[in-house]
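Working through the structure, step by step
Okay, here's what each chain looks like letter by letter:
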Amino acid sequence: MNEIDRPSSRSVSRGGANAGTAWTCSAHIITAVIGAGVLSLAWAVAQLGWVAGPACMLCFALVTYVSAALLTECYRRGDPDKGPRNHCYMDAVRAYLGKKHTWACGSLQYVSLYGCGVAYTITTATSIRAILKSNCYHDQGHDAPCNYEGSYYMLIFGGAQLFLSFIPDFHDMAWLSVVAAVYSQPIFQFVDKFFAERYPDSGFVNDFHTVKVPCLPACRVNLLRVSFRTLYVASTTVVAIVFPYFNEVLALLGALNFWPLAIYFPVEMYFIQRNVQKWSTRWVVLQTFSVVCLLVSAFALVGSIEGLISQKLG
């Protein structure tokens with residue numbers, strides 16, 4: 001290490017609300033919609049059957065449409081055409097519902113992202129084991145004892161994620177689509193920004209050290225990033241090894257986040273944006289919609305916890 005750079009906290013926290021392009025937007029949408037949850041869709045439909053399964057898919061498609069429609073109404077604060085824009089979900093919650101709701105929303109979002117990191121780790125190990133089993137059965141027959149330990153592959157995937165976690169910013173990457181599934185960069189950006197603003201004079205937080213490795217280009221290293229991201233990736237890998245149950249983990253994440261993030265916050269923000277009066281027809285309909293979704297989330301949460309415990313004890 002022979003060089004130290006300290007960017008200002010303003011330059012560190014300067015975000016990319018308008019820095020995205022059509023490519024980055026498309027990549028984020030594809031990653032969000034076609035994520036790890038789709039992998040458990042076939043299993044979920046099989047559990048419900050051919051009648052209840054598609055019926056539930058249609059119901060939740062309708063719920064998704066209503067939620068998206070409510071959120072579009074909250075894109076601008078006040079005047080729907082000229083009011084100030086809310087560039088992200090948390091900005092909208094902050095503008096309409098205040099600081100306490102913002103902290104609750106942010107906590108749920110980051111817990112969800114952390115859980116996605118765990119889920120992707122489990123998915124990778126499961127997929128590799130499936131490939132190895134397929135090859136083994138093809139070579140040795142279906143009576144062969146083709147059993148493979150998943151923890152080894154989780155550790156390998158964790159190492160790869162640790163390397164990818166040091167990528168600075170999605171919007172700066174021309175090859176975004178390759179790493180768009182990395183479920184955790186927004187958390188890293190939040191931590192970097194939070195500590196840079198909270199401790200602007202800390203060398204541990206803000207100093208970048210240039211490290212020169214023989215036969216490789218010089219790289220800039222920040223101690224906070226190295227420490228936090230290493231611990232973060234290590235923790236997701238350990239949790240995945242302890243609870244390697246893909247469907248149950250995804251069910252738990254969905255149950256925790258569905259009602260507050262997809263229903264409660266959009267409904268409450270819509271009430272304020274449109275000045276919906278209490279006990280009006282629109283207020284009663286949307287509140288009933290919210291309560292029904294809350295009950296669904298509660299049942300799903302109980303079922304996911306029971307499934308996780310049963311898998312662990314079984």
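Residues numbered from 1 in each chain as written. Predicted model: local features only at pLDDT ≥ 70, side-chain atom pairs only at ≥ 80, totals over all residues. Heavy atoms only, no water.

Per an unreviewed UniProt entry, the protein carries the name Amino acid transporter transmembrane domain-containing protein and comes from Eleusine coracana subsp. coracana. You can read under Subcellular location (unreviewed entry) in the UniProt record for the protein the words "Membrane". (UniProt positions renumbered as here; feature names shortened; annotations may be inferred.)

Here the focus is the pattern of salt bridges. With the rule as written, the count across this model stands at four salt bridges. Salt-bridge contacts for Arg274 lead to Glu73; the nearest nitrogen and oxygen are separated by 2.3 Å. According to the relative accessible area criterion, Arg274 is partly exposed, its value standing at 38%. Arg225 serves as the salt-bridge partner of Asp192, at 3.1 Å between the closest nitrogen and oxygen. Taken together, the positions of Asp192 in helix H8 (residues 185-198) and Arg225 in helix H10 (residues 223-242) put the pair 33 residues apart, joining distant regions of the chain. Beyond isolated ion pairs, a larger network of salt bridges with shared partners links Asp192, Arg225 and Arg229. (Salt bridge = Lys/Arg side-chain N within 4 Å of Asp/Glu carboxyl O. Buried < 20%, exposed > 50% of the residue type's maximum accessible area, 1.4 Å probe, protein only. Helix = DSSP H or I, 4+ residues; strand = E, 2+ residues; numbered from the N terminus.)

A separate point is a nonpolar patch on the surface. On the surface, Phe60, Val292 and Val296 cluster together into a nonpolar patch covering about 230 Å² of accessible area. Mapped onto the elements, Val296 comes out in helix H12 (residues 281-313). For Val296, a relative accessible area of 36% corresponds to the partly exposed category. (Patch = residues over 30% accessible without salt bridge, like charges linked within 9 Å, V, L, I, M, F, W, Y side chains within 5 Å. Areas by Shrake-Rupley, 256 points an atom, 1.4 Å probe, with all protein chains shown as cover.)

What follows is about the UniProt feature "transmembrane region" (unreviewed entry) in the protein. UniProt records the feature "transmembrane region" (unreviewed entry) for residues 21-45, 51-72, 230-246, 252-272 and 284-305 in the present numbering. End-to-end, the C-alpha atoms of residues 252-272 are 30 Å apart, and along that stretch the chain is 100% helix and 0% strand. Secondary structure content for residues 284-305 is 100% helix and 0% strand, and the end C-alpha separation is 32 Å.

In this structure the tally under the stated criterion is one disulfide. Between the sulfur atoms of Cys136 and its disulfide mate Cys146 the distance is 1.9 Å. In this structure, the disulfide formed by Cys136 and Cys146 twists by about -70° around the S-S bond and is classed as left-handed. Of this pair, Cys136 sits in helix H5 (residues 99-140) while Cys146 sits in the loop between H5 and helix H6 (150-164), placing them ten residues apart in sequence. By relative accessible area, Cys146 is classed as buried at 2%. Of all cysteine sulfurs in the structure, the one in Cys59 sits closest to Cys56, which takes part in no disulfide; the separation is 6.1 Å. (Disulfide = S-S within 2.5 Å.)

With their axes 10 Å apart at the nearest point, H6 and H10 run at an angle of 160° to one another. Considering the angle they form, H6 stands roughly antiparallel to H10. In the packing of H6 onto H10, the handedness of the crossing is right-handed. Contact with H6, carried on its side by Ser151, Met154, Leu155, Gly158, Gln161 and Leu162, involves Arg229, Thr230, Val233, Thr237, Ala240 and Ile241 of H10 and no other residues of that element. The residue makeup of the contact of H6 with H10, split by class, is six nonpolar, five polar and one charged. (Axes fitted to C-alpha atoms, helices over the stretch in contact; angles between N-to-C directions. Parallel < 35°, antiparallel > 145°, perpendicular 65-115°, else oblique. Left-handed = near helix turned anticlockwise from the far one by under 90°. Contact = heavy atoms within 4.5 Å. Nonpolar A, V, L, I, M, F, W, Y, C, P; charged D, E, K, R; others polar.)

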